[in-house]
Amino acid sequence: MTLKTISQNKSFGGTQGVYSHESRETGCPMRFGVYLPPAAEKGPVPVLFWLSGLTCTEENFTVKAGAQRVAAELGIALVMPDTSPRGLNYPGDSASYDFGVGAGFYVDATEAPWSGGYRMYSYITKELFALVGNSFALDMQRAGIFGHSMGGHGALTIGVKNPDQFKTISAFSPIVSPTRCPWGEKALTGYLGADRATWADYDATLLIAKRGWKGPALLVDQGTADQFLEGQLKPELLTAACAEAGVALKLRMQPGYDHSYFFISTFVEDHLRHHAAHL
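(A) The sheet that holds strand β3 (residues 29–36), seen in detail. Taken in spatial order, the nine strands line up as β1-β2-β3-β5-β4-β6-β7-β8-β9 in an open sheet, and their pairing is mixed. Looking at the sheet topology across the chains shown, the edges are occupied by β1 (4–11) and β9 (249–254). Direction aside, neighbouring strands of the sheet carry axes that sit 20° apart on average. Relative to strand β8 (residues 218–223), strand β7 (residues 168–172) is paired through three bridges, and the arrangement is parallel. Paired with F172 across the two strands is D221, which belongs to β8. Across the face of the sheet, helix α9 (residues 261–278) comes into contact with β4 (45–51), β5 (77–81), β6 (138–148), β7, β8 and β9 while running at roughly 170° to β7.

Structure representation (structure tokens):
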């Protein structure tokens, strides 16, 4: 598979790149960012996959999180994919911010027309995982995953379902139970259909109840001033699911922080160090 280099910039002794490729899973070009720390010049390094939230692209975390400095120090690579296919031009795919373009929800859609290209679960776990492993100096046996909001939902569900692939999981302000919030109900109905039984495979609380998680403690940061806290995010549901399943969870309620990248950039160093300690 041919990679096209969009940009490369020196950053803290390493390289921040943005690349594109023709995706088999989505049927359209996809972009993603990769930060390679200086240690990658000497051999394969562990890697963290970051999944962004609604309306985002690969650029948000790359530019706003300020993660490269710590990643360089720790000798860990970062991979930042887009949040959905772009350019498929399905009817209504740009009509709202929380469904369609910029809102792939990290599922494999089964409903037409979305099933033709909205396959972000398989894109992340199969295509992108293999592509970056074959293209960069990465140790794919030491991979972790984290994300924000919709991407926090993606990190939790993908990580719990693929423990042999992703050894560590963390999240910022995750949608912990999309089967029980408006964002999730809208997206899952559209992508998977009205049969709610089919939704369970993409709900972190239900997956943890069913599968558990034997890896290091799940680290979750949530701001108390987040405007979506009560209506969409509901971290108490994750707390209950983990307690019932005996899964170690470190949930940190951060006073006064909201849903923005100011919040993410404040605590991203803690997350990088959490993953690095176990990878």
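(B) Quick peek at the packing of helix α6 (residues 204–211) against helix α8 (residues 235–245). Across the interface, α6 lies against α8 with an axial gap of 9 Å and an inter-helix angle of 5°. In this view, α6 runs roughly parallel relative to α8, as classed from their interaxial angle. When α6 is examined against α8, the residues T205, I208 and A209 are found in contact with a partner set consisting of L237, L238, A241, C242 and A245. Considering only residue class, the contact of α6 with α8 consists of seven nonpolar, one polar and no charged.

Conventions and cut-offs
Every chain is numbered independently, its residues counted from 1 as its sequence is written. Residue-level local features of this predicted model are given only where pLDDT is at least 70; pairs of side-chain atoms are given and counted only at 80 or more, and the full residue set underlies all totals for whole chains, interfaces and linings. Side-chain calculation: all heavy atoms of the structure are included, whereas hydrogens and water are not. At least two bridges found by DSSP between two strands are what make those strands a pair. A run of H or I in DSSP becomes a helix once it reaches four residues, and a run of E becomes a strand once it reaches two; helices and strands are each numbered from the N terminus. Only the contacting stretch of a helix is used when fitting its axis, a line to C-alpha atoms as for every element, and angles between N-to-C directions run 0 to 180 degrees. Throughout, a residue-residue contact means that at least one pair of heavy atoms, one from each residue, lies within 4.5 Å. What sets the label is the angle itself: under 35 degrees gives roughly parallel, over 145 gives roughly antiparallel, 65 to 115 gives roughly perpendicular, and the rest give oblique. Three classes are used, and their members are as follows: Ala, Val, Leu, Ile, Met, Phe, Trp, Tyr, Cys and Pro are nonpolar, Asp, Glu, Lys and Arg are charged, and the others, Gly among them, are polar.

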